[in-house]
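Take a look at the letters that make up each chain.
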Amino acid sequence: MVGHLAVLARTGPAEQGDRFPHDLEDRAGRYAYRDTQAQGPTDKRFRSAPSFRNSIGVNVSTLLPTVTRFTAGYAHENIWQARDSLGKQSSSDSFTGELRSERENLRFKPFFNYNARHQNNRFGYDSSMRGGFTGPITPYLDLSADMGYYLAGDESGEGYTWSVGLLHRPRERLEHDLHYLRTITYPDRSLVTLVGYHAQLQASPDIILEAGAQEQNVEPLDNPNNAFGGKEFRAEGRFNYRVLDRIVSRFGYAWTHSVGRGGGLPLRFDQHTIRFELEIAHTPTFSSSFLYQHEFRDSNRPL
């Protein structure tokens, strides 16, 4: 069982109705939940792991004569973990540049971006670049697709990344999407190949209901022999309620079934995650959030 407490402050558009993350665990930070230490015959966890995390950044953009928007950004993040784990106290700096077409008479608008990220406990800068397009197929169906390449600054790994997604809006308050992607996760670096489905319903002006399911294959880069890599299936749901004009509460639950890598008896575990979050929009460009996450995991890992 894991109790997780965090405080997050960020700059940028304070979108209280932001899209549902396809991975509830990543939203809280994988660094806290990929512990490889066995604790008991069936690995039942019961512990408290409070942590604090803050990020601050800035984006600037301008519209070029070719009706292409250029955006440059910088972000710094600090993480304090109460207990020593894979994600112990660390910080990171990220630099981003993007070109995105805004030409009105172009149905599928192309884009290209580049990102460089450095973590204080690793050598060099991780680099990733990708190019793709987004646009409507019909008034009710949108397509997005991109492809890119990732290169670790410490030469621990590299590979192609991609993403293909379809978003369907059959009615005004209902939308659902199907996505297939390969991406990199941080701060615990893994290459993840994922296929998933997500649905969102606005039940009332103040209530949004969400549900999703996904299957993913995790390939750890920082420790290729990590048994916690492998295949995972996840089902999750979230209830969003607007308490006041500037305050939104979110309650979520997720169930994950994982089958590990390596020879011999593969590591299997079931993980249940309950999460509560309160987000406050202080200004149109600044928001902060408070969250608590509780986990229970039961696995076949021996002593």
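Worth saying up front: this structure is predicted, and the values here are computed from it rather than measured. The residue numbering used here restarts from 1 in each chain and proceeds along that chain's sequence as written. Local features in this predicted model are restricted to residues of pLDDT 70 or higher, and side-chain atom pairs are both shown and tallied only at a pLDDT of 80 or more, whereas totals for entire chains, interfaces and linings draw on every residue. To get the side-chain values, all heavy atoms of the structure are used, and hydrogens and water are removed first.

**Considerations on the packing of aromatic side chains**
Ring pairs (aromatic) are described by centroid distance and by the angle formed between their planes. Heads up, the rule is: Whether two aromatic rings pair depends on their centres lying within 6.5 Å, for rings of Phe, Tyr and Trp, where Trp uses its six-membered ring; planes under 30 degrees apart make the pair stacked, over 60 edge-to-face, and the rest tilted. By definition, any uninterrupted DSSP run of H or I lasting at least four residues is a helix, any uninterrupted run of E lasting at least two residues is a strand, and each is numbered from the N terminus. We call a charge positioned above a ring when the Lys NZ or Arg CZ atom is no farther than 6 Å from the ring centre and deviates by at most 35 degrees from the ring normal.
Counting across every chain of the model gives six aromatic pairs. Relative to Tyr160, the ring of Tyr149 has its centre 5.1 Å away and its plane inclined at 75°; by these criteria the two rings are edge-to-face. Highlighted residues: Tyr149 in strand 8 (residues 141-151) and Tyr160 in strand 9 (residues 158-171), separated in sequence by eleven residues. Above the ring of Phe111, the side-chain terminus of Arg100 is found at 4.4 Å from the ring centroid.

**A short note on unusual backbone geometry**
Not every positive phi belongs to a glycine, and Val67 is a case in point at roughly 60°. Along the polypeptide, Val67 turns up in the loop between strand 3 (51-63) and strand 4 (68-81).

**Comments concerning the side chain of Asp126**
Under the convention used in this document: For every residue, the accessible area (1.4 Å probe, protein chains only) is compared with the maximum for its type, and the residue is labelled buried under 20%, exposed over 50%, or partly exposed between those bounds. Under the rule applied, a polar contact is a pair of N or O atoms within 3.5 Å (in protein, one hydrogen donor and one hydrogen acceptor; residues adjacent in sequence only if both atoms are side-chain atoms).
With respect to the element layout, Asp126 can be found in strand 7 (residues 126-138). According to the relative accessible area criterion, Asp126 is buried, its value standing at 6%. Looking at Asp126, its side chain comes within polar contact range of the side chain of Tyr150, at 3.1 Å. Within the structure, the side chain of Asp126 is placed 3.1 Å from the side chain of Arg189, a separation counted as a polar contact.

**Structural notes on the pattern of salt bridges**
Let me state the cut-off plainly: Put simply, a salt bridge is a Lys or Arg side-chain nitrogen that is within 4 Å of an Asp or Glu carboxyl oxygen.
One pass over the full model with this rule turns up twelve salt bridges. One salt bridge in this structure joins Glu102 and Arg69, with 2.7 Å as the shortest N-O distance. With Glu102 in the loop between strand 5 (90-101) and strand 6 (109-119) and Arg69 in strand 4, this residue pair connects regions lying 33 residues apart in the sequence. A salt bridge links Glu279 to Arg250; its shortest N-O distance comes to 2.9 Å. Here Glu279, found in strand 15 (residues 268-283), pairs with Arg250, found in strand 14 (residues 247-260); they are 29 residues apart in sequence, far enough to count as distant. The buried category is assigned to Glu279, whose relative accessible area is 0%. Here Arg250 falls in the buried class, since its relative accessible area comes to 2%. Members of the salt-bridge network, linked through shared partners, are Asp126, Asp154 and Arg189.

**Brief notes about the environment of Gly230**
Here Gly230 shows up in strand 13 (residues 230-244). When the C-alpha positions of Gly230 and Arg268 are compared, they lie 9.7 Å apart, and in sequence the two are 38 residues distant.

**Digging into the environment of Pro136**
What counts, and what does not: It only takes one pair of heavy atoms within 4.5 Å for two residues to be counted as in contact.
Relative to the elements of secondary structure, Pro136 occurs in strand 7. Between the C-alpha atoms of Pro136 and Lys109, which are 27 residues apart in sequence, the distance is 9.7 Å. If we ignore the near neighbours within four places in the chain, the residues touching Pro136 are Arg107, Phe108, Leu141 and Asp142.

**Details of the side chain of Asn240**
Position of Asn240 among the secondary structure elements: in strand 13. A distance of 2.6 Å separates polar atoms of two side chains, one belonging to Asn240 and the other to Glu210. The contact partners of Asn240, leaving out residues within four places of it in the chain, are Asp206, Ile207, Ile208, Glu210, Ser249 and Arg250.

Geometric values such as these leave the question of function open.
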